[in-house]
Amino acid sequence: MLIVFAGRPGTGKTTVARELAGAIAAVYIRIDTLEQAFIGSVDGGVDIGPAGYMAGYAVAKDNLSSGLTVIADAVNAFQLTRDAWRTLATEMGVGILEVELICSDTSLHRKRVEERQADIPGHKLPTWKRVIERQYDPWDLDHLVIDTARVSVSQAVDKIVNCLKTAERQNLPQSS
């Protein structure tokens, strides 16, 4: 199974994805971590473009081919990146659950963005202005949307686990 998180910075993707990874013993891949590793490996910094996502797809593929469940944590703001995760799931013959986190309370979202601290050495977090001005493509397919202004981290994880259980039951062969 491939579980792909998406959402604007500050909506709680990393917090929920990490908690979920522990709850279901899944491989956790964070695109920010990969991107920062690339940036940190080059003197003077560099625009790495899609390198973090490309590395994420490759690491996910390796783990999916070993039969492991993978959680991908990224903004996934563009239809292009969402399509790439879907293509990967299709190529690997695994199910995909796309989870978009939103924060419907603008004041709370802004507070989260402005007060959070980087947990990756050297990582520069976006300002609130950059978060709200960032391109974020509309979704073209149904997906699970969780509003982190209305549910706790554990409630969000429970929703995702229940969704996974439902999907698993629907894919089981029916006994006669």
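That block above? That's the structure.
Residues numbered from 1 in each chain as written. Predicted model: local features only at pLDDT ≥ 70, side-chain atom pairs only at ≥ 80, totals over all residues. Heavy atoms only, no water.

The number of helices and strands found in the protein chain is seven helices and five strands. Counting helices and strands in the order they occur from the N terminus, the protein chain gives β-α-β-α-α-β-α-β-α-α-β-α. At 16 Å, the protein chain has a C-alpha radius of gyration in line with the 16 Å of a compact globule built from 176 residues. In terms of its C-alpha atoms, the protein chain occupies a principal-axis envelope of roughly 60 × 35 × 30 Å. Within the span of the protein chain, comprising 176 residues, buried residues form 40% of the whole. (Helix = DSSP H or I, 4+ residues; strand = E, 2+ residues; numbered from the N terminus. Rg over C-alpha atoms; globule rule 2.2 N^0.38 Å. Buried < 20%, exposed > 50% of the residue type's maximum accessible area, 1.4 Å probe, protein only.)

Looking now at the layout of surface pockets. Volume-wise, the largest pocket comes out at about 1300 Å³. Residue lining of the largest pocket: 50 residues in total, with D32, V75, H123, P126 and R134 positioned closest to the centre. Where the lining of the largest pocket is concerned, the elements lending two or more residues are helix 1 (13–24), helix 2 (31–40), helix 3 (51–65), helix 4 (79–92), helix 6 (128–133) and helix 7 (153–171). Across the lining of the largest pocket, the residue classes break down as 23 nonpolar, 14 polar and 13 charged. (1 Å grid on protein atoms, 1.4 Å probe; cavity = no way out; pocket = protein on both sides within 12 Å on 5 of 7 lines; lining within 4 Å. Points joined across faces, edges and corners; volume = space filled by probe spheres on them. Nonpolar A, V, L, I, M, F, W, Y, C, P; charged D, E, K, R; others polar.)

This model, assessed by the stated rule, comprises two aromatic pairs. Arranged with centres 4.6 Å apart and planes meeting at 80°, the rings of Y57 and W85 form a pair that is edge-to-face. Of this pair, Y57 sits in helix 3 while W85 sits in helix 4, placing them 28 residues apart in sequence. Side by side, Y57 and W85 carry an identical accessibility label, which is buried. For the cation-ring pair, R82 lies above Y136, with the distance from its terminal atom to the ring centre recorded as 5.3 Å. (Phe/Tyr/Trp six-rings, centres within 6.5 Å; stacked < 30°, edge-to-face > 60°. Lys NZ or Arg CZ within 6 Å of the ring centre and 35° of its normal.)

Looking now at the sheet that holds strand 5 (residues 144–147). Spatially, 2-3-1-4-5 is the arrangement adopted by the five strands of the open sheet, whose pairing is parallel. The sheet is open, and its two borders are formed by strand 2 (27–30) and strand 5, each paired with just one other strand. Direction aside, the axes of adjacent strands within the sheet are offset by 20° on average. In this sheet, strand 3 (residues 70–73) lies alongside strand 1 (residues 2–6) in parallel orientation, the contact comprising four bridges. By the bridge assignment for strand 3, V4 is matched with A72. Relative to the sheet, helix 2 contacts strand 2 and strand 3, its axis offset from that of strand 2 by approximately 55°. Lying over the sheet, helix 4 contacts strand 1, strand 3 and strand 4 (96–102), oriented at roughly 155° with respect to strand 4. (Pairing = 2+ DSSP bridges. Axes fitted to C-alpha atoms, helices over the stretch in contact; angles between N-to-C directions. Contact = heavy atoms within 4.5 Å.)

Attention now moves to the side chain of H123. Along the chain, the position of H123 falls in the loop between helix 5 (106–115) and helix 6. In this structure H123 comes out as buried when scored by relative accessible area, which is 17%. The residues contacting H123, other than those within four sequence positions of it, are D32, Q36 and A118.

A separate point is the environment of V131. Within the secondary structure layout, V131 lies in helix 6. Exposure remark for V131: the relative accessible area of 1% places this residue in the buried category. Sequence separation of V131 and R110 is 21 residues, and the distance between their C-alpha atoms is 9.0 Å. Among all residues touching V131, those that are not within four sequence positions of it are R8, P9, H109, V113 and P126.

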